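# Structural features, examined
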Amino acid sequence: MPELEIGFDTSPLHQTVAGVNRYVTSLLAALEATSEVSIRRYALPGRGRLTSAVRDVAWYLGALPRAASRDSVALLHCPTQRAPTRARVPLVVTVHDVATLRLPDAFNAWTRRYTSALLPRVVRSADRIIAVSEFTASELTSLLGVPHDKIAVVPNGVSTSFGPGGDAADGDYVLAVATVEPRKNLERIAEAVHAHRSELRHVGASGWGSVRLDERVTRLGVVSDGELGRLYRGARCLAYVPLYEGFGLPVLEAMASGTPVVASDIPALREVAGAAAVYVDPLDTEDIARGLSEVDERRDELVAAGRERAATFSWQRTAEATLEVYREVLA
């Protein structure tokens, strides 16, 4: 029998198909493959602005902590910064980034106000905070005063769906994988790819903000993991050049697939890719185009380095480190 019953908020699965969705589904699968825990899922399903507002207030500030207490779970894990500000059981919160605090103009008014009002209370309430990178951990300390010893850095993993074997999509193209939102910098990426005389294929959900991608960009929307793997393997490179990032899962997935990467020269992406990517200034379209040319010249070297780097990440390792956080909280 499992030793512990862990409460886990799966509401993000109803809100996004982006990186947080991958984190929740992959971590849960890896945790449930162990014999140490059983998972009790909690969620307020539904989409739309009204449902999101109800979830942010009534769910996280009331219904969720009451349910966890009622069921006497050993602890509650909220996999995003949306979490109770007062918990009746031990609380673990994962923070992926604090982009809303660093780039408030890139988010809608509700998200800005909600985050600025409640995130400081959430991080105080949590017994332990999981940061997905050393960079995010440093941001939590510098912006919110979270003590270092309250934070556990647990990197994301990479799914076995992404590997160099298998079909590759046809065509000569650069791939961008990101939700359409201002901080993902897709307009500059598109300009650079067009200057490089290449096709840009974009995978990702529609998001928010006044991001305009013209008819020269092939918009593929949300695709299955199998199709995304094909697109990674067939691409000249992945162009992942956000203005701000807490981890950057597409970088890891591309490297695992044998695809070279052009990445923003920002701390979180250097932390993930190490020496296995070409780094560029995300504010300089010409430098992004330079990076695309450099990738062509160094392709074999970057592919080998990327595979080696990606092999150091797995969701099993993420689950093992997360279990260690649970043990420390409950000790």
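Right above here is the structure, for reference.
Residues numbered from 1 in each chain as written. Predicted model: local features only at pLDDT ≥ 70, side-chain atom pairs only at ≥ 80, totals over all residues. Heavy atoms only, no water.

Working note: α-helix, 3.6 residues per turn, so residues spaced by three or four point in the same direction. Within helix 8 (residues 249-256), eight of the eight residues are buried, which leaves it mostly tucked inside the rest of the structure. Along helix 8, the residues that are buried comprise Leu249, Pro250, Val251, Leu252, Glu253, Ala254, Met255 and Ala256. Count one or two residues on from helix 8 and you reach Gly258, which has phi positive near 80°. (Buried < 20%, exposed > 50% of the residue type's maximum accessible area, 1.4 Å probe, protein only. Helix = DSSP H or I, 4+ residues; strand = E, 2+ residues; numbered from the N terminus.)

Take a nonpolar patch on the surface next. A cluster of nonpolar residues, Val57, Leu61 and Trp110, forms a patch on the protein surface that exposes about 260 Å² of accessible area. The residue Trp110 is located in helix 4 (residues 109-125) in this model. (Patch = residues over 30% accessible without salt bridge, like charges linked within 9 Å, V, L, I, M, F, W, Y side chains within 5 Å. Areas by Shrake-Rupley, 256 points an atom, 1.4 Å probe, with all protein chains shown as cover. Salt bridge = Lys/Arg side-chain N within 4 Å of Asp/Glu carboxyl O.)

Turning our eyes to something else, we now look at the sheet that holds strand 9 (residues 217-221). Reading across from one edge, 9-8-7-10-11-12 is the order of the six strands in this open sheet, with parallel pairing throughout. Two strands lie at the open edges of the sheet, namely strand 9 and strand 12 (278-280), each paired on one side alone. Neighbour-to-neighbour, the strand axes of the sheet open up by a mean angle of 25°, direction not taken into account. Of the pairings in the sheet, the one linking strand 10 (residues 237-240) to strand 11 (residues 261-264) comprises three bridges and is parallel in character. Within strand 11, the position partnered with Ala239 by the bridge is Val262. Each of strand 7 (173-177), strand 10, strand 11 and strand 12 touches helix 10 (residues 285-297); the most contacted strand, strand 12, lies at about 170° to it. (Pairing = 2+ DSSP bridges. Axes fitted to C-alpha atoms, helices over the stretch in contact; angles between N-to-C directions. Contact = heavy atoms within 4.5 Å.)

Function-wise, these values are silent; they only describe arrangement.
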